[in-house]
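Overview (structure and organization)
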Amino acid sequence: VIQHQLSSPKKYSLPITMKLSLTLLAVAAPSAAAFAPLTSARPASALRATIENTKLIPPQKVEDLAETAADVYGKNVQTTYGRYPLTVQSGKGCFLTTTDGQQYLDCVSGIATCALGHSNPALNAAVTKQMETMHHVSNLYFIPAQAALANWLCENSNAEKVFFCNSGAEANEAAIKCARRHASNRGITKPVIITAEQSFHGRTLAALTATAQPKYHKGFGYDGQMVPGFDHCKYNDIATLEAAVERATSDGKGLAAIMMEPLQGEGGIIPGDKAFFAKARELCDKHGALLMIDEVQAGMGRTGTLWGHENLGVVPDVFTSAKALGGGVPIGAMMARGDAATTFGPGDHASTYGGNPLACAAGLAVAQYMCDHNLLDNVKARGDQLEAGLKKLAAKYPTILGDVRGWGLLRGVECIAPDITAGELVGAAMKENLLLVPAGANVVRFVPPLIISEAEIDMALERFEAAIKTKAN
């Protein structure tokens with residue numbers, strides 16, 4: 001049973017003693033031959049001359065790009081995003097300020113990432129202190145901050161062990177690899193992972209394959225196929241889940257895992273169904289497979305519980321986190337229990353930056369802030385307030401707004417007007433100095449910082465209604 005009262009992260013100021021073998025150090029030490037003069041045909045003087053004559057072009061000053069950033073983007077940044085015409089200069093709390101002096105109420109929070117808002121003093125202090133001490137060291141050594149964050153994550157969930165990485169996609173890739181290795185250990189040579197239609201699990205190749213949305217697959221397949229070993233069902237549909245499991249356990253194949261979001265974000269803010277997830281747990285238990293929950297967007301308090309799957313009454317074998325875990329500092333994690341927690345051994349998976357001191361200092365600051373300020377209570381209260389306000393607007397503008405759904409501060413409202421898209425409503429809200437983000441083609445998503453106040457929720461609703469009025473006329 002997961003406790004609703006979060007436990008604070010343990011202090012990690014005490015040093016961890018580790019004895020290193022002098023013999024190992026001696027073996028690892030470079031020999032004198034490593035420092036011998038160059039013997040290649042290229043004279044050493046030529047190499048030195050090349051180095052001495054090289055002059056780098058220094059980077060432009062950021063403050064000089066306030067008015068021309070968009071031009072530099074067009075010239076030097078790949079167009080993987082369709083960007084809004086805003087150049088953000090600074091942020092404080094739940095507000096962002098652009099280079100032209102406009103202030104926006106931010107209900108995007110870096111797409112559910114800046115849990116503590118912008119320029120949070122506690123997060124700033126933790127990251128600054130860590131930068132002044134040591135920001136990165138290899139995972140070849142013990143990192144106390146990583147140990148402390150792993151302990152906090154396990155103490156506040158059913159997880160037993162944590163693997164750290166840098167993003168949600170990487171965390172889900174780690175889960176996919178874990179599921180395949182776990183299946184291999186059970187003698188399965190054709191492992192199948194089942195995910196849901198309209199899901200979103202990341203942009204890396206296997207995570208993209210798990211994302212059962214063909215529009216994201218276009219141009220990335222091989223002979224029309226993505227990464228093999230994935231099958232899909234309809235979200236919250238038990239019959240199609242059972243059919244997918246039947247396919248996954250026939251013709252020499254084996255079920256490796258069922259991987260689901262507790263609430264589909266990019267799919268349109270669709271909460272999971274308890275009966276569906278209970279069946280998924282039952283099927284995984286029956287076939288010795290792993291139930292894996294993608295908590296990248298829903299986790300770290302966003303839904304009013306620390307983990308989204310707490311709303312569903314199931315205990316996963318594996319779950320992933322990123323986004324809000326570092327409050328905006330890049331960090332991802334794959335948590336596991338039981339056999340899944342010991343599936344990986346040395347060399348089976350790794351990450352250069354994963355769990356480094358800087359990222360973990362940020363994660364610990366977020367964890368401590370959540371505990372010290374009872375942030376989950378605020379998420380529940382403000383989430384209820386936001387839900388009530390959106391339902392009132394939907395009733396007032398029934399030809400434009402439809403269903404209101406979600407948990408906590410992960411909320412969406414359908415745009416049902418045939419001549420208005422969710423993206424157009426988001427654009428109209430931007431003109432009212434409110435930042436929102438679409439979720440799919442017809443849902444407007446609200447994912448503000450978890451620290452948002454009652455007055456700020458009221459302001460968001462007022463500005464959203466002003467945007468609706470401009471489209472209604």
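Described below are features of the structure shown in this document.

Quick word on the sheet that holds strand β17 (residues 443-446)
One open sheet holds the four strands; their spatial order is β13-β14-β17-β16, and the pairing between them is antiparallel. For this open sheet the edge positions go to β13 (401-407) and β16 (437-438), each flanked by a neighbour on one side alone.

Examining the sheet that holds strand β11 (residues 318-321)
The strands that make up a sheet are held in pairs by hydrogen bonds between backbone atoms, and each pair lies either parallel or antiparallel. Taking strand neighbours across the sheet as the criterion, the seven strands line up as β4-β12-β11-β10-β7-β5-β6 in an open arrangement whose pairing is mixed. Strands at the two margins of the open sheet, each flanked by one partner only, are β4 (161-165) and β6 (230-233). The average undirected angle you get between the axes of adjacent strands in this sheet is 20°. Contacts from helix α11 (residues 274-287) reach β6, β7 (254-260) and β10 (290-294) within the one sheet, and its direction differs from that of β7 by about 155°.

Structural notes on the pattern of salt bridges
Under the defined criterion, the tally for this structure stands at 14 salt bridges. Where K253 meets D251, a salt bridge forms, and the shortest distance between an N and an O atom there is 4.0 Å. Through salt bridges with shared partners, one network takes in R281, D285, D317 and R337.

Describing the packing of helix α10 (residues 238-248) against α11
At a minimum axis separation of 10 Å, α10 and α11 run at an interaxial angle of 15°. In terms of orientation, α10 and α11 fall into the roughly parallel class. Our pair here, α10 against α11, has a crossing hand that is right-handed. Each of I238, L241, E242 and V245 in α10 lies in contact with α11, whose residues at this interface are A275, F276, K279, A280, L283 and H287. Along the lines of polarity and charge, the residues of the contact of α10 with α11 split into seven nonpolar, one polar and two charged.

Section: the environment of Q225
Note that Q225 resides in the loop between α9 (214-217) and β6. Of the residues examined, Q225 reaches a relative accessible area of 55% and is grouped as exposed. For the pair formed by Q225 and G288, sequence separation is 63 residues and the distance between their alpha carbons is 27 Å.

Here is what the cut-offs are and how they apply
- Residues numbered from 1 in each chain as written.
- Predicted model: local features only at pLDDT ≥ 70, side-chain atom pairs only at ≥ 80, totals over all residues.
- Heavy atoms only, no water.
- Pairing = 2+ DSSP bridges.
- Helix = DSSP H or I, 4+ residues; strand = E, 2+ residues; numbered from the N terminus.
- Axes fitted to C-alpha atoms, helices over the stretch in contact; angles between N-to-C directions.
- Contact = heavy atoms within 4.5 Å.
- Salt bridge = Lys/Arg side-chain N within 4 Å of Asp/Glu carboxyl O.
- Parallel < 35°, antiparallel > 145°, perpendicular 65-115°, else oblique.
- Left-handed = near helix turned anticlockwise from the far one by under 90°.
- Nonpolar A, V, L, I, M, F, W, Y, C, P; charged D, E, K, R; others polar.
- Buried < 20%, exposed > 50% of the residue type's maximum accessible area, 1.4 Å probe, protein only.

Shape is all these values report; function is a separate question.
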